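Below, each chain spelled out in residue letters.
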Amino acid sequence: MVQTVAKEQFFYAFSKDNKAALRVPSGSQIVIETYDCFQNQIQSNEAAFNSIDWNQINPATGSIYVEDALPGDVLKVKIDNIELGDQGVMATGPGLGVMGHRIDEFQVKIIPIEEGKAVFNEKLHLPLNPMIGVIGVAPESEPVSCGTPGAHGGNMDTTTITTGATLYFPIFQEGALFGLGDLHAAMGDGEIGVSGIEIPGKVTVTLEVLKGKSIRFPFIENEEGTAVIVSKETLDEAAKEAVEIFIDTLLPHTDMNLGELTMLMSAVGQVQVSQIVDPLLTARFFVPKNVLEAYQVKLF
Ligand code: CA
Ligand code: ZN
């Protein structure tokens with residue numbers, strides 16, 4: 001039977017001190033229930049800034065202790081399914097997101113999900129892209145708030161973290177101490193207003209420990225190809241580090257020198273933006289599958 005972790009078992013920071021809500025052997029499939037990023041506190045368009053407890057933000061469900069996971073290993077996380085609740089919410093306001101310096105009042109908007117679409121208004125029923133905003137493992141040292149992304153994953157707000165994708169995280173702590181939350185019914189690259197269509201839900205994942213692999217930042221694989229996801233103080237740093245990490249990872253798998261591989265990556269690789277509104281900014285560098293297959297590169 002597939003085990004479920006209830007949304008009431010959550011944490012606000014990824015930490016080596018988080019208690020295990022569940023212990024599972026490597027290879028287990030589990031279902032993880034989640035609150036939305038406001039811990040379901042916003043239920044109407046009239047919700048005021050002061051009616052929200054801002055200490056109760058970005059809960060991640062977990063943690064999940066994966067047996068045999070040791071520092072230096074890799075945690076493979078296959079996203080098998082994302083089930084969304086029936087109502088999403090967006091918010092923005094002064095000091096929030098890219099436009100926060102020009103918006104005078106905190107504003108929320110309830111967005112019902114009807115017939116597989118997000119009802120933004122009467123004119124626009126938006127296609128869904130169910131995705132996971134916060135997903136990761138316990139970091140190497142100090143606890144990291146679930147609002148901040150990093151090498152351990154966390155608040156990466158990356159549109160490609162969706163059903164069918166497989167993520168790879170560096171493991172820093174025994175058991176990995178995995179968790180996730182902050183689902184979005186849809187979100188644009190950048191998440192410019194500081195929220196996606198925030199929504200509670202249920203995620204089914206398969207967790208597996210990989211030995212003998214070591215990575216510095218999370219990787220993501222899907223039908224189209226593979227990307228590394230890097231978060232830094234600036235988007236420039238994040239993008240450049242992502243490029244370097246991917247090229248360094250690829251180099252030993254090819255017969256090319258650094259210059260030739262750089263030319264290839266310049267021809268086919270894509271610098272992509274995940275989000276530009278969190279305490280660290282997140283970019284990814286994507287390489288299409290056919291290029292990796294031509295060199296029979298299997299990173300994981
Ligand atoms: Ca987020
Ligand atoms: Zn979110």
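Described below are features of the structure shown in this document. (Residues numbered from 1 in each chain as written. Chains lettered and ligands numbered in written order. Predicted model: local features only at pLDDT ≥ 70, side-chain atom pairs only at ≥ 80, totals over all residues. Heavy atoms only, no water.)

**Let's talk about the coordination of the calcium ion (ligand 1)**
Any two of four tetrahedral donors ideally make an angle of 109.5 degrees at the metal, while pairs among six octahedral donors ideally make 90 or 180 degrees. The protein atoms that coordinate the calcium ion (ligand 1) are Asn155 (OD1), Asp157 (OD), Asp157 (OD) and Asp182 (OD), at distances spanning 2.2 to 2.6 Å. Read N to C, the donor residues that coordinate the calcium ion (ligand 1) are spaced as N-x1-D-x24-D. Distance-wise, the zinc ion (ligand 2) is placed 3.3 Å from the calcium ion (ligand 1), both being coordinated by Asp182. Remark: Asp182 occurs in strand 17 (residues 178-184) and Asp157 occurs in the loop between strand 15 (153-155) and strand 16 (166-170); sequence separation between them is 25 residues. Taking relative accessible area as the criterion, Asp157 reaches 1% and is therefore assigned buried. Classification of Asp182 as buried rests on a relative accessible area of 2%. (Donors = N, O, S within 2.8 Å, 3.2 Å for Na, K, Ca; no water. Helix = DSSP H or I, 4+ residues; strand = E, 2+ residues; numbered from the N terminus. Buried < 20%, exposed > 50% of the residue type's maximum accessible area, 1.4 Å probe, protein only.)

**Some words on the environment of Pro112**
Looking at the element boundaries, Pro112 is found in strand 9 (residues 107-114). Contacts of Pro112, omitting those with residues within four sequence positions, involve Asp86, Gln87, Lys117, Ala118 and Val119. (Contact = heavy atoms within 4.5 Å.)

**Considerations on the coordination of the zinc ion (ligand 2)**
Protein ligation of the zinc ion (ligand 2) involves Asp182 (OD), His184 (NE2), Glu198 (OE) and Glu198 (OE), the donor distances falling in the range 1.8 to 2.5 Å. Coordination at the zinc ion (ligand 2) comes from four donor atoms whose angles at the metal span 56 to 143 degrees, giving a geometry best classed as irregular. As a motif over one chain, the donors of the zinc ion (ligand 2) read D-x1-H-x13-E. Residue class for His184 comes out buried when judged on its relative accessible area of 0%. (Tetrahedral: all angles 85-135°; square planar, octahedral: opposite > 155°, others 65-115°.)

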